[in-house]
Amino acid sequence: MTTTAEINDVRTPRPVTRVITGQPTTEGGGVNLTRVLGQPALSELDPFLLLDEFRSDDSADYLAGFPEHPHRGFETVTYMLAGRMRHGDNHGHSGVIGPGGVQWMTAGRGIVHSEMPEQDEGLMWGFQLWVNLPAADKMGEPGYQEHAADAIPEVGLPGGGEVRVIAGRFGDAVGPVAAAATAPVYLDVRLDAGETFSTAVPAGHNAMLYVYDGAVDVAGQSLTRGQLAQLGQAAGSEDGVAFTAGDDGGRALLIAGAPLNEPVARYGPFVMNHAHEIRQAALDFQAGRF
């Protein structure tokens, strides 16, 4: 087990610039979920376009799933905590994401896929993140990075918590997901009561912290379940994130990425740079060219 002193070196913790509370919404065939990023209070945080949490042990909230639907121009990231979700697409790919697993799908020039629950009872809990692609990659080949729970490095913390490294680096642990253009950091952090976590974040990355269980304090701001903190840039070339769990502990996703600084045109499942590209995406989908 690596100690905190060995793996954490944060010279200037990032401040909180905004706090967003997730909003209930319905997607797919009628799945009830919480929309955190991609709502009026925060429509996007370059390169991130959306963050949803789905969490229910009532099958009526998730059984309808997400029947076949298209995507073009960005990446979808599904991370499961509990339950099983089956994916399939029009290119012949299929698979099941189980508890602790992650699927990072690059839609590229176009894909039609479905995400359906592989269960009819019990807890279904997970997240979907949308990550934009640069213009140069938007019309590339679709593809997947899929990793079961045992492929995600877990780093124990001295205070009893742990960090799961999905993308980026934490100490000597490197996440299995790679995305060159956005160089993402995606950490799932679990802390025991009163435990403090800190880690460096690449300078220039946009970053956010989403609390999905318990409570944490970050830069003097208290966050409870269902709240997201947008984190500002710290002074200097070495900055990072530090937060402390509340009395009942806390779990949070720390997500960061290099901004693309490109224009964004989006319409439902299509994300391009210009309106005419959105119109072309719709025409291509209708003509069966995905």
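Residues numbered from 1 in each chain as written. Predicted model: local features only at pLDDT ≥ 70, side-chain atom pairs only at ≥ 80, totals over all residues. Heavy atoms only, no water.

1. Let's talk about the overall build of the chain
Item 1. Looking only at helices and strands, the chain features two helices and 25 strands.
Item 2. In terms of overall size, the chain behaves like a compact globule, its C-alpha atoms giving a radius of gyration of 18 Å where 290 residues would be expected to give roughly 19 Å.
Item 3. Each of the three principal axes of the chain carries a C-alpha extent, and together these read 55 × 45 × 35 Å.
Item 4. Looking at the chain as a whole, 52% of its 290 residues are labelled buried.
Item 5. Counting 18 positive and 36 negative side-chain charges, the chain places the averaged centre of each group 6 Å from the other. (Helix = DSSP H or I, 4+ residues; strand = E, 2+ residues; numbered from the N terminus. Rg over C-alpha atoms; globule rule 2.2 N^0.38 Å. Buried < 20%, exposed > 50% of the residue type's maximum accessible area, 1.4 Å probe, protein only. Lys, Arg positive; Asp, Glu negative; His and termini not counted. Charge placed at Lys NZ, Arg CZ, Asp CG, Glu CD.)

2. Concerning the UniProt feature "domain: Pirin N-terminal" (unreviewed entry) in the chain
Item 1. Taken from the UniProt record, the annotation "domain: Pirin N-terminal" (unreviewed entry) applies to residues 32–131.
Item 2. As a span, residues 32–131 carries 0% helix and 59% strand, and end to end its C-alpha atoms are 22 Å apart. (UniProt positions renumbered as here; feature names shortened; annotations may be inferred.)

3. Looking at the pattern of salt bridges
Item 1. Here the structure, examined in full by the defined rule, presents 11 salt bridges.
Item 2. Across the pair Glu 27 and Arg 35 runs a salt bridge whose closest N-O atoms are separated by 3.1 Å.
Item 3. The partly exposed category is assigned to Glu 27, whose relative accessible area is 32%.
Item 4. For Arg 35, a relative accessible area of 13% corresponds to the buried category.
Item 5. Of the charged contacts, one joins Arg 86 and Glu 118 as a salt bridge, the two residues approaching to 3.1 Å between their closest N and O atoms. Here Arg 86, found in strand β8 (residues 85–89), pairs with Glu 118, found in the loop between β11 (111–117) and β12 (124–132); they are 32 residues apart in sequence, far enough to count as distant. (Salt bridge = Lys/Arg side-chain N within 4 Å of Asp/Glu carboxyl O.)

4. Some points on the pairing of strand β10 (residues 102–106)
Item 1. Buried residues dominate β10, accounting for five of its five residues.
Item 2. Residues Val 102, Trp 104 and Thr 106 of β10 are buried on one face, and the alternating residues Gln 103 and Met 105, pointing to the opposite face, are buried as well.
Item 3. Sheet topology places strand β7 (residues 74–82) next to β10; five bridges connect them, and they run antiparallel. Residue pairing for β10: Thr 76 is matched across the bridge by Met 105. (Pairing = 2+ DSSP bridges.)

5. Remarks on the packing of aromatic side chains
Item 1. If you walk through the whole model with that rule in mind, you get 10 aromatic pairs.
Item 2. A ring pair is formed by Tyr 79 and Tyr 186, whose centres lie 6.0 Å apart and whose planes are at 80 degrees; its orientation type is edge-to-face. Taken together, the residues Tyr 79 in strand β7 and Tyr 186 in strand β18 (residues 185–191) connect sequence positions 107 residues apart. The pair Tyr 79 / Tyr 186 is uniform in exposure class, with both members buried.
Item 3. Positioned above the aromatic ring of Trp 125, the side-chain terminus of Arg 55 is 3.8 Å from the ring centre. (Phe/Tyr/Trp six-rings, centres within 6.5 Å; stacked < 30°, edge-to-face > 60°. Lys NZ or Arg CZ within 6 Å of the ring centre and 35° of its normal.)

6. Some words on the nonpolar core
Item 1. Counting 29 residues, the largest nonpolar core has Leu 51, Phe 127, Leu 129 and Tyr 186 as its most contacted members.
Item 2. Looking at this core, the elements that each hand over two or more residues are β4 (31–37), β5 (48–56), β7, β10, β12, β15 (162–167), β20 (206–218) and β23 (239–257).
Item 3. By size, the runner-up hydrophobic cluster in this structure holds 26 residues, among which are Val 241, Ala 245, Ala 252 and Leu 254. (Core = buried A, V, L, I, M, F, W, Y, C linked by side-chain atoms within 4.5 Å.)

7. Topic: the sheet that holds strand β6 (residues 66–71)
Item 1. The four strands are arranged β6-β11-β8-β9 in an open sheet whose pairing can be described as antiparallel. Looking at which strands have only one partner, the edges of the open sheet turn out to be β6 and β9 (94–97). For this sheet the average axis-to-axis angle between neighbouring strands, irrespective of direction, equals 20 degrees.
Item 2. In terms of strand pairing, β8 meets β9 through four bridges, oriented antiparallel. Along β9, the bridge assignment pairs Gly 88 with Ser 94. (Axes fitted to C-alpha atoms, helices over the stretch in contact; angles between N-to-C directions.)

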